[in-house]
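# Notes for the structure review
Each chain, written out:
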Amino acid sequence: DSAIQAVVKGEADFVEGITALEVKSLQGKPGITAHNGNSPGFDEIAFNTGSVSAATGGHPIGDPNPAVLDPKFRHALGYALNLPQLISKVYQGAGLPGTTIVPPNYTAYHWEPLAAQKFTFDLQKAKQLFTQAGVKPGTTFTFWALAGRRDEWITMGEILQQDLQKIGLNLSIQRNDVSTWLGKFYPAGKSYPGTIIANYFSMPPQPTFAFQQGLYGNCECNWNNPKLEALAKQAAP
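Structural notes, computed from the coordinates.

### Quick word on the nonpolar core
One finds Phe 73, Phe 130, Trp 153 and Leu 164 to be the most contacted residues of the largest nonpolar core, which totals 43 residues. Listed by contribution, the elements that provide at least two residues to this core are α3 (71-80), α4 (83-90), α6 (123-133), β4 (140-146), α7 (151-165), α8 (178-185) and β6 (195-202). With six residues, α7 is the largest single contributor of residues to this core. If we skip the residues at most four places from it in the chain, Leu 164 touches Ala 80, Phe 130, Leu 169 and Leu 171. Core analysis: the second largest hydrophobic core is formed by six residues, Val 7, Leu 26, Ile 32 and Ala 34 among them.

So, in structure tokens, the structure goes:
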């Protein structure tokens with residue numbers, strides 16, 4: 001990354017928003033101080049929760065792959081993610097596993113019922129939930145990542161690919177240039193059934209700001225929940 005190289009060469013004094021792996025690569029270099037701090041930056045996997053139609057004001061009305069609309073699909077994916085292995089192999093131990101938009105170390109902002117929902121790695125439970133959601137054996141999903149950067153996403157996809165194969169599902173990993181990658185799902189409101197997107201976000205820890213990402217039109221996931229939107233408006237500072 002050019003910003004990292006500029007710091008190493010002494011051409012820049014400060015850079016922020018770098019990945020955990022980049023922090024790790026800079027630690028110990030003479031004259032450089034690098035740390036993760038408390039910034040709630042996180043890598044995520046996202047998928048389309050609905051196709052869109054101008055006739056409904058652009059809001060989701062369904063999906064060619066309806067399984068993703070079932071909460072059981074999202075729970076299945078949670079159980080299929082080996083978070084300890086991802087942290088160890090993908091990020092060399094630099095990071096914390098989490099399943100919400102609020103970072104796990106921001107305990108003051110955790111809502112107890114949500115914080116109590118922990119997904120332990122359990123492929124058989126994942127298989128059961130995928131089946132209940134309507135995912136047929138042999139189904140192939142596409143993992144959409146970047147070319148020439150964020151190599152950790154590829155490792156992430158490969159680990160998920162290997163685990164999904166154990167329960168009869170396939171994952172095709174694709175690398176794309178930034179413009180193609182963005183064009184797949186941005187601006188919000190596009191349909192991309194069967195595709196899992198690797199992405200990164202860095203945002204202030206203020207939870208009312210973070211939850212704006214879940215509002216329809218903000219998130220590439222096309223999540224549409226009127227109750228959430230009403231509550232977010234009440235909570236907005």
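Next comes the rest of the account.
### Re the side chain of Thr 142
Structurally, Thr 142 is set in strand β4. Sequence-distant contacts of Thr 142, that is, excluding residues within four places in its chain, are made with Leu 171, Ser 172, Gln 174, Gly 194, Thr 195 and Ile 196.

### Comments concerning the packing of α4 against α7
Packed helices, taken two at a time, are described by the angle their axes make and the gap between the axes. Where α4 meets α7, the closest approach of the two axes is 10 Å, and the angle between their N-to-C directions is 145°. Pair α4 / α7 crosses with right-handed handedness. Across from Gln 85, Leu 86, Lys 89 and Val 90 in α4, the residues of α7 making contact are Glu 152, Thr 155, Met 156, Ile 159 and Asp 163. Taken together, the residues of the contact of α4 with α7 sort by class into four nonpolar, two polar and three charged.

### What to know about empty space enclosed by the protein
Enumeration over the complete set of coordinates arrives at two cavities of 30 Å³ or more. As a volume, the second largest cavity reaches approximately 50 Å³. Lining the second largest cavity, in full, are Phe 47, Asn 48, Val 68, Phe 73, Phe 141, Tyr 192, Pro 193, Gly 194, Thr 195 and Ile 196. Each residue belonging to the lining of the second largest cavity can be placed in one class, and the counts come to seven nonpolar, three polar and no charged.

### Examining the state of the cysteines
The full count for this structure, using the stated rule, is one disulfide. Covalent S-S linkage joins Cys 219 and Cys 221, the inter-sulfur distance amounting to 2.4 Å. A torsion of 135° about the S-S bond marks the disulfide between Cys 219 and Cys 221 as right-handed. No difference in accessibility class separates Cys 219 from Cys 221, as the two residues are buried.

Rules used throughout
- Residues numbered from 1 in each chain as written.
- Predicted model: local features only at pLDDT ≥ 70, side-chain atom pairs only at ≥ 80, totals over all residues.
- Heavy atoms only, no water.
- Core = buried A, V, L, I, M, F, W, Y, C linked by side-chain atoms within 4.5 Å.
- Buried < 20%, exposed > 50% of the residue type's maximum accessible area, 1.4 Å probe, protein only.
- Helix = DSSP H or I, 4+ residues; strand = E, 2+ residues; numbered from the N terminus.
- Contact = heavy atoms within 4.5 Å.
- Axes fitted to C-alpha atoms, helices over the stretch in contact; angles between N-to-C directions.
- Left-handed = near helix turned anticlockwise from the far one by under 90°.
- Nonpolar A, V, L, I, M, F, W, Y, C, P; charged D, E, K, R; others polar.
- 1 Å grid on protein atoms, 1.4 Å probe; cavity = no way out; pocket = protein on both sides within 12 Å on 5 of 7 lines; lining within 4 Å.
- Points joined across faces, edges and corners; volume = space filled by probe spheres on them.
- Disulfide = S-S within 2.5 Å.

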